[in-house]
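# Observations on the three-dimensional arrangement
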Amino acid sequence: MSTTPSTASDQPPQVRILVPGNHLMVALLGERDELLRLVEAAFPGTPILVRGNEITIEGDEADRVGRLFEELVVLLQQGHALDTANVGRTIEMVKADERPSEILTADILRSARGRMVRPKTSGQKRYVDAIQQNVVTFGIGPAGTGKSYLAVALACQALQAKQVERIILTRPAVEAGERLGFLPGDLMAKVDPYLRPLYDALFDMLGTDAVPRLMEKGAIEVAPLAYMRGRAQPVDTPVLTPAGFRALGSLRVGDRVIGSDGRSTAVVGVYPQGRKPVYRVTTDDGGSTLACGDHLWYVTAADDQDRAGDGRVVRTVDMIGDLGARREHRYGLPLVRAVDFASRDLGIEPYALGRLLGTGRGARARAAAAPAPGPSTLAAGACTTTPARSTYLYNSVDVRVAVLQGLLDVGGQPAGRSPHGGRVRYTTASSSLRDDVAFLVRSLGGVARVRSRPRPAFAPHGRHGRRARHRGASHVLDIRLPPGMEPFRHPRKAARYTAVGAALPTRYIDRIEAAGEAECVCISVAAADSLYVTSDFLVTHNTLNSSYIILDEAQNTTPEQMKMFLTRIGFGSKAVITGDVTQVDLEGGRSGLHDLEQVLTGIDGLGWVRLGSRDVVRHRIVQDIVDAYERAGQERRR
């Protein structure tokens, strides 16, 4: 293609364009020259003459019209098909001194139907660029501007490129004043109409077969906004802090809790949830905690090798009925690393204290380890143990390891054989010592599986043939410690343990059972993985990490819901919030989008894109309708 401007001063400006190839010329002019007539109507008073493969343009707009034909030829050479809709949008871009060949060729991904998804207007291109460059992007504009569709396309692209681990699509279900409880059908039938546009976009991008499979794996979640905030635990759930366990409901923003790395991390959000149905989640080593059905768990499964990272985030209810066969558990939980409690004076050498406890001199050992009289070293209500027990349970890693070694040298034995690795079997008749050993092991990043044999009424044999009572129940702990942590100082036991090698500690979800209802609260923490430690040293979280989150129809959120959503965004995540502030369906409430740009001003990583009637990509009548409403709104404001 070549362009030749006219240089004669006594003639009107003239531009000649030579189009290479008859097939390009036919596509450029359109069927029965309909595209040519569209260009002539857009630039009245600018004669356009076509002879063969040459186009001659005269008049004051000759340069602009010439640039338009150049852009259209470039689009044809790149494989784009021209029709009245995209030629009309190209005309608007050229009039705005924009380059359509740069805007309309920004490919996002190829849909399941084989069609390339790309922006169709300059506003959509700015929207796509903002999403790619920012952590949180707000796309504000009327219906038909592709806000949701492009956001879903970019989310699918990120999932396929393994830039995120999951897609979360959500929207409020409060349109037109309707109440879900009065709609027919079960829960999914009630919310399905609100989520249908998101499902349709997913099916278009990934295909009808892939979407259910990814949803089953937890890689895609589509849910109403209210379900996102329900990821909570009961208020009396113990949560580990640097000072010991505290009730979840007593935590406030700024308090410190223990993260999965064993270090303290700050609480950055506390969200009361009211009464909710809860479930007891029990692990294969006997640990358990309570959580609501939408509470989040970071788990690993056998089929995670094809996913980004080494695990996934699933809800409690997603695992019910899918926990695996007996002895073949499906979902593994991460283990906390050795918890870094502050060092405290024992008053006795830690290893010696462990031996005293293990030989049955518990009262003497605890008296020796008891802190000096004075204020408690733990926060009020932090721990149910006595001050003496707290001193060695909540101490530095070195102290706890030494106490555990003393206990195991007295009551423990190496167990297991190659290739499964070595374990430690500890036996005691004391329930308090059983609990202390399990606490020490779990706080050091290990696993302690407890088996208890209750005391029978009589032993089968007694002295001189008489039947005798057992003195008490017996408790057996099967212990696995992290690699590099030595359980014994006794030379013979240490040699046997080392010869076999340490078995890798693992923890699996064994069962999930309904546990009634409870007052619940949700927290988020500042840890890089958003994990925190709850009862029995179970690791869980509530924040959305490594996720691509899209909040659609955000004009129907309340300010409180918007704050909840924005503060749930975790590390490695990206969020897109779309809405039309002219179509608020809240009854008597203020939209969470109102004045939000002023509230969040000056924050890096936020992008704001406003789309208008020029960006409507539906039928042209929709663009005219949007323009008409905008003019009417301006008249009312005047």
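What you are looking at is a predicted structure, and each value in this text was computed from that prediction instead of being measured. (Residues numbered from 1 in each chain as written. Predicted model: local features only at pLDDT ≥ 70, side-chain atom pairs only at ≥ 80, totals over all residues. Heavy atoms only, no water.)

So, about the sheet that holds strand S7 (residues 136-140). Read across the open sheet, the 6 strands follow the order S9-S8-S25-S26-S7-S27; overall the sheet is parallel. Pairing within the sheet leaves two strands with one partner each, and these edge strands are strand S9 (220-224) and strand S27 (606-610). Shown here is a sheet whose adjacent strand axes are inclined to one another by a mean of 15 degrees, direction ignored. Pairing of S7 with strand S26 (residues 574-579), which is carried by 5 bridges, proceeds in the parallel orientation. Among the inter-strand pairings, Ile-140 is bridged to a residue of S26, identified as Gly-579. (Pairing = 2+ DSSP bridges. Helix = DSSP H or I, 4+ residues; strand = E, 2+ residues; numbered from the N terminus. Axes fitted to C-alpha atoms, helices over the stretch in contact; angles between N-to-C directions.)

Looking at the secondary structure, you find Gly-412 in strand S18 (residues 412-415). Here Gly-412 falls in the buried class, since its relative accessible area comes to 0%. On a C-alpha basis, the gap between Gly-412 and Arg-425 in space is 5.5 Å, while along the polypeptide they are 13 residues apart. Filtering out sequence-adjacent residues up to four positions away, Gly-412 remains in contact with Leu-407, Arg-425, Tyr-426, Phe-488 and Lys-493. (Buried < 20%, exposed > 50% of the residue type's maximum accessible area, 1.4 Å probe, protein only. Contact = heavy atoms within 4.5 Å.)

Moving on: helix H4 (residues 84-95). Helix length check: H4, at 12 residues, gives a terminal C-alpha distance of 16 Å against a target of 16 Å (1.5 Å per residue), a fit within 8%. By the burial criterion, the buried members of H4 are Asn-86, Val-87, Gly-88, Arg-89, Thr-90, Ile-91, Met-93 and Val-94. Along its buried surface, H4 packs onto helix H2 (34-42), helix H3 (62-77), helix H5 (100-103) and helix H6 (122-133). One side-chain oxygen at the N-terminal end of H4 lies 3.1 Å from the backbone nitrogen of Ala-85; it belongs to Asp-83. Following H4 by one or two positions, Asp-97 has its phi on the positive side, about 60 degrees. (Expected span 1.5 Å × (residues − 1). Polar contact = N/O pair within 3.5 Å; in protein donor to acceptor, adjacent residues only side chain to side chain.)

The side chains of a regular strand alternate between both faces of the sheet. The two faces of strand S23 (residues 531-534) match: Leu-531 and Val-533 on one face and Tyr-532 and Thr-534 on the other face are all buried. Sheet topology places S23 next to strand S24 (residues 538-541); 4 bridges connect them, and they run antiparallel. Looking at S24, one finds that Val-533 is bridged to Val-539. Here S23 folds back onto S24 in antiparallel fashion, the turn holding 3 residues, of which Asp-536 has a positive phi close to 60 degrees.

Here we take up the pattern of salt bridges. One pass over the full model with this rule turns up 24 salt bridges. One salt bridge connects Arg-115 with Asp-204, and the closest N-O pair in it is separated by 3.4 Å. With Arg-115 in the loop between strand S5 (109-110) and strand S6 (116-117) and Asp-204 in helix H8 (residues 187-206), the pair connects residues that are 89 residues apart, well separated along the chain. Taking the relative accessible area as the measure of exposure, Asp-204 reaches 9% and is therefore buried. Between Arg-434 and Asp-435 there is a salt bridge, with its nearest N and O atoms 3.0 Å apart. For Arg-434, a relative accessible area of 18% corresponds to the buried category. Note on Asp-435: relative accessible area 40%, which makes it partly exposed. (Salt bridge = Lys/Arg side-chain N within 4 Å of Asp/Glu carboxyl O.)

A few words now on helix H9 (residues 210-217). Taken as a whole, H9 has its buried residues at Ala-210, Val-211 and Lys-217. Across the axial projection of H9, the buried residues extend over an arc of 125 degrees, all falling on one side. Phi turns positive one or two residues past the end of H9, at Gly-218, with a value near 90 degrees. (Arc of directions from axis to C-beta.)

Phi at Arg-32 takes a positive value of approximately 55 degrees, unusual for a residue other than glycine. Inspection of the secondary structure assignment puts Arg-32 in the loop between helix H1 (22-29) and H2. Backbone geometry at Glu-553 places phi at a positive 55 degrees, although glycine is not the residue there. Secondary-structure assignment places Glu-553 in the loop between strand S25 (547-551) and helix H18 (559-566).

Our focus in this paragraph is the nonpolar core. Formed by 42 residues in total, the largest nonpolar core has its most connected members in Leu-240 and Ile-479. Ignoring sequence-local partners within four residues, the contact set of Leu-240 consists of Phe-245, Val-257, Ile-258, Val-339, Phe-341, Tyr-394, Val-533 and Phe-537. The next biggest cluster of nonpolar side chains, apart from the first, holds 35 residues, and it includes Tyr-127, Val-164, Ile-167 and Leu-198. (Core = buried A, V, L, I, M, F, W, Y, C linked by side-chain atoms within 4.5 Å.)

All right, on to the environment of Phe-488 then. Topologically, Phe-488 is positioned in the loop between strand S21 (474-480) and helix H17 (491-500). Sequence separation between Phe-488 and Leu-407 is 81 residues, and the spatial gap between their C-alpha atoms is 9.0 Å. With near-sequence residues (within four places) excluded, Phe-488 lies in contact with Gln-405, Leu-408, Asp-409, Gly-412, Gln-413, Pro-414, Val-424, Lys-493, Ala-494 and Tyr-497.

Side chains of Ile-621, Ile-625 and Tyr-629 sit close together on the surface and give an oily, nonpolar patch of about 340 Å² of accessible area. Within the element layout of this structure, Tyr-629 appears in helix H20 (residues 620-637). (Patch = residues over 30% accessible without salt bridge, like charges linked within 9 Å, V, L, I, M, F, W, Y side chains within 5 Å. Areas by Shrake-Rupley, 256 points an atom, 1.4 Å probe, with all protein chains shown as cover.)

Attention shifts here to the packing of H2 against H4. The angle between the axes and the distance between the axes are what describe a pair of packed helices. Their axes nearest at 10 Å, the elements H2 and H4 cross at an angle of 30 degrees. Classified by the interaxial angle, the pair formed by H2 and H4 is roughly parallel. Where H2 crosses over H4, the two elements pack in a sense that is right-handed. Between H2 and H4, the contacting residues are Glu-34, Leu-35, Leu-38, Val-39 and Ala-42 on the first element and Thr-84, Val-87, Gly-88, Ile-91 and Lys-95 on the second. Split by residue class, the contact of H2 with H4 holds 6 nonpolar, 2 polar and 2 charged. (Parallel < 35°, antiparallel > 145°, perpendicular 65-115°, else oblique. Left-handed = near helix turned anticlockwise from the far one by under 90°. Nonpolar A, V, L, I, M, F, W, Y, C, P; charged D, E, K, R; others polar.)

Let us now look at the packing of aromatic side chains. One pass over the full model with this rule turns up 7 aromatic pairs. On the numbers, 4.0 Å between centres and 5 degrees between planes, the contact of Phe-138 with Trp-608 is stacked. With Phe-138 in strand S7 and Trp-608 in strand S27, this residue pair connects regions lying 470 residues apart in the sequence. Classification of Phe-138 by relative accessible area gives buried; the value is 0%. Look at Trp-608 and you get partly exposed, because its relative accessible area is 25%. Relative to Tyr-497, the ring of Phe-488 has its centre 6.1 Å away and its plane inclined at 75 degrees; by these criteria the two rings are edge-to-face. The class for Tyr-497 is buried, based on a relative accessible area of 6%. Ring pairs connect the aromatic residues Phe-245, Phe-341, Tyr-394, Phe-439 and Phe-537, which therefore count as one cluster. Here the basic side chain of Lys-95 rests over the ring of Phe-43, its NZ or CZ set 5.2 Å away from the ring centre. (Phe/Tyr/Trp six-rings, centres within 6.5 Å; stacked < 30°, edge-to-face > 60°. Lys NZ or Arg CZ within 6 Å of the ring centre and 35° of its normal.)

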